[in-house]
Amino acid sequence: MIELFDVTKRFGEETAVDGISLRVESGELCALVGTSGCGKSTTLRMINRLIEHSEGEIHIDGQPIRRFEEDTLRRRIGYVIQSTGLFPHWTVARNIGLVPRLLKWSPERIESRVDELMALLGLPRETFADKYPDQLSGGQAQRVGVARALAADPDILLMDEPFGALDPITREALQDELRELQARLHKTIVFVTHDMDEALRLADKLVVMDAGRIVQQGTPLELLHEPATPFVESMLGGDDRGLKEASLVTVGERMLALGPRLNATARVHRDATLRQALAVMFREHADRLTVIDDEDIPVGELSLQRLVGNTRHE
């Protein structure tokens, strides 16, 4: 668990972070979102003391972070940045094993952990272990960066715009992989991004910052339903908020269970989002879809009325 109590950071006369309080629960993915210069990256770097806070307190599992030695603290916290920060003259396997070596793990334990992480991140050892960073694609390099951050099995992972430099297709694929990893590993993650769609897709808790302050925090759906200020509303897409909400709700949550009226020919998977279902309706010129499971078996039906949350005519 990470807690910030009235934390402020000043650089000379400039206040970069202004009296913020935040609690990130164990196993939660918290996304910090805001425009450039709002203080989100400074907030992230104060958690592992890459930047020291000026006022307030930051606790990890109830302990002030200044009670920890800086190096000890940083080795307990995985850190992933946009440029990956890989050592260019080290192989992929050596880069991933950096922190375990610093912690003086045995060579056998390090090799086993590197093998485990390369498999977990879709980097077959026989193909990638001996490659150097300049031989990797952007997506592959970012996977190596995530693997290195996870090498010592830290409870906390800090991610600062990790996918920001990638093309949209690679970025979406890595977002999917991060969601799957988090479902398995249950790390406490603080994720900085300026991309609201990315934040909505990944976050359990969404924190919107402006001018060094937190202007609203809550679940993505809470913020979409009730943005606290015009700034938050604009960050969430203004009039497009409804479509963004439709990207967070699955067909299975809104469908009508299988019954005798099932007659739609167009199909959609129950794990698809409502936004994807709406796209199928447009494509198929249909106002009703058959919902199927992983084995292509019909399990329900989704009408346009249920999709938009109006069930009075069902």
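Residues numbered from 1 in each chain as written. Predicted model: local features only at pLDDT ≥ 70, side-chain atom pairs only at ≥ 80, totals over all residues. Heavy atoms only, no water.

### A look at the sheet that holds strand β12 (residues 267–269)
Then, number 1: Judged by pairing direction, the sheet is mixed, and its 4 strands sit side by side in the order β11-β14-β13-β12 without closing on themselves. Only two strands of the sheet have a single partner each, and these edge strands are β11 (256–257) and β12.
Then, number 2: Two elements, β12 and strand β13 (residues 288–292), share 3 bridges in a ladder whose sense is parallel. Bridging across to β13, Arg267 finds its partner in Thr290. (Pairing = 2+ DSSP bridges. Helix = DSSP H or I, 4+ residues; strand = E, 2+ residues; numbered from the N terminus.)

### Here's the deal with unusual backbone geometry
Then, number 1: The phi angle at Asp61 is positive, at roughly 50°, despite the residue not being glycine.
Then, number 2: Looking at where Asp61 falls in the secondary structure, it is placed in the loop between β4 (55–60) and β5 (63–64).
Then, number 3: Overall, Asp61 belongs to the partly exposed group, its relative accessible area being 47%.
Then, number 4: Of note, His186 is a non-glycine position whose phi angle comes to about 55°, a positive value.
Then, number 5: Judged by its relative accessible area of 53%, His186 falls in the exposed class. (Buried < 20%, exposed > 50% of the residue type's maximum accessible area, 1.4 Å probe, protein only.)

### Here's the deal with the packing of aromatic side chains
One pair of aromatic rings is described through two measures. These are the centre distance and the angle between the planes.
Then, number 1: The full count for this structure, using the stated rule, is 2 aromatic pairs.
Then, number 2: With 4.5 Å between their ring centres and 40° between their planes, Phe87 and Trp90 make a pair best called tilted.
Then, number 3: We classify Phe87 as partly exposed; its relative accessible area is 36%.
Then, number 4: In this structure, Lys9 is placed above the aromatic ring of Phe11, and the distance from its NZ or CZ to the ring centre is 5.0 Å. (Phe/Tyr/Trp six-rings, centres within 6.5 Å; stacked < 30°, edge-to-face > 60°. Lys NZ or Arg CZ within 6 Å of the ring centre and 35° of its normal.)

### Some remarks on the pattern of salt bridges
Then, number 1: Throughout the structure, instances matching the rule amount to 24 salt bridges.
Then, number 2: In this structure, the salt-bridge partner of Glu25 is Arg23, at a minimum N-O distance of 2.6 Å.
Then, number 3: A salt bridge links Glu70 to Arg49, with the nearest nitrogen and oxygen atoms 3.7 Å apart. With a gap of 21 residues between them, Glu70 in helix α2 (residues 70–76) and Arg49 in the loop between α1 (40–47) and β4 connect regions that are remote in the sequence.
Then, number 4: Under the relative-accessibility criterion, Glu70 is labelled partly exposed at 33%.
Then, number 5: Residue Arg49 is classed as buried on the basis of its relative accessible area of 11%. (Salt bridge = Lys/Arg side-chain N within 4 Å of Asp/Glu carboxyl O.)

### Here's the deal with helix α14 (residues 274–284)
Then, number 1: When we look at burial in α14, the residues that qualify are Leu274, Ala277, Val280 and Met281. Buried residues in α14, looked at end-on, bunch into an arc of 110°, giving them a common side. Of the exposed residues in α14, those oriented more than 90 degrees away from the buried face are Phe282 and Arg283.
Then, number 2: Looking at the buried residues of α14, the elements they touch are α12 (241–246), α13 (251–254), β12, β13, β14 (298–303) and α15 (304–307).
Then, number 3: Phi turns positive one or two residues past the end of α14, at His285, with a value near 55°. (Arc of directions from axis to C-beta. Contact = heavy atoms within 4.5 Å.)

### Remarks on the packing of helix α7 (residues 138–150) against helix α8 (residues 168–185)
Then, number 1: At a minimum axis separation of 11 Å, α7 and α8 run at an interaxial angle of 20°. With respect to each other, α7 and α8 are oriented roughly parallel. In the crossing of α7 with α8, the sense of the turn from one axis to the other is right-handed. Along its contact with α7, which presents Gly139, Gln142, Arg143, Val146 and Leu150, the element α8 presents Thr170, Leu174, Glu177, Leu181 and Leu185.
Then, number 2: A class-by-class count of the residues in the contact of α7 with α8 yields 5 nonpolar, 3 polar and 2 charged. (Axes fitted to C-alpha atoms, helices over the stretch in contact; angles between N-to-C directions. Parallel < 35°, antiparallel > 145°, perpendicular 65-115°, else oblique. Left-handed = near helix turned anticlockwise from the far one by under 90°. Nonpolar A, V, L, I, M, F, W, Y, C, P; charged D, E, K, R; others polar.)

### Considering the UniProt feature "domain: ABC transporter" (unreviewed entry) in the protein
Then, number 1: Following the UniProt record, the feature "domain: ABC transporter" (unreviewed entry) maps to residues 2–236 here.
Then, number 2: Along residues 2–236, the helical share is 40% and the strand share 26%, with 25 Å between the first and last C-alpha atoms. (UniProt positions renumbered as here; feature names shortened; annotations may be inferred.)

### Focus: the sheet that holds strand β1 (residues 2–11)
Then, number 1: Ordered by their spatial adjacency, 4 strands build an open sheet running β2-β1-β4-β5, and the pairing between neighbours is antiparallel. Two strands close off the open sheet at either side, each with one partner strand: β2 (14–24) and β5.
Then, number 2: Relative to β4, β1 runs antiparallel, the two being bridged by 5 bridges. The partner of Leu4 across the bridge, within β4, is Ile58.
Then, number 3: Lying on the sheet, α1 is in contact with β1, β2 and β4; it crosses β1 at an angle near 115°.

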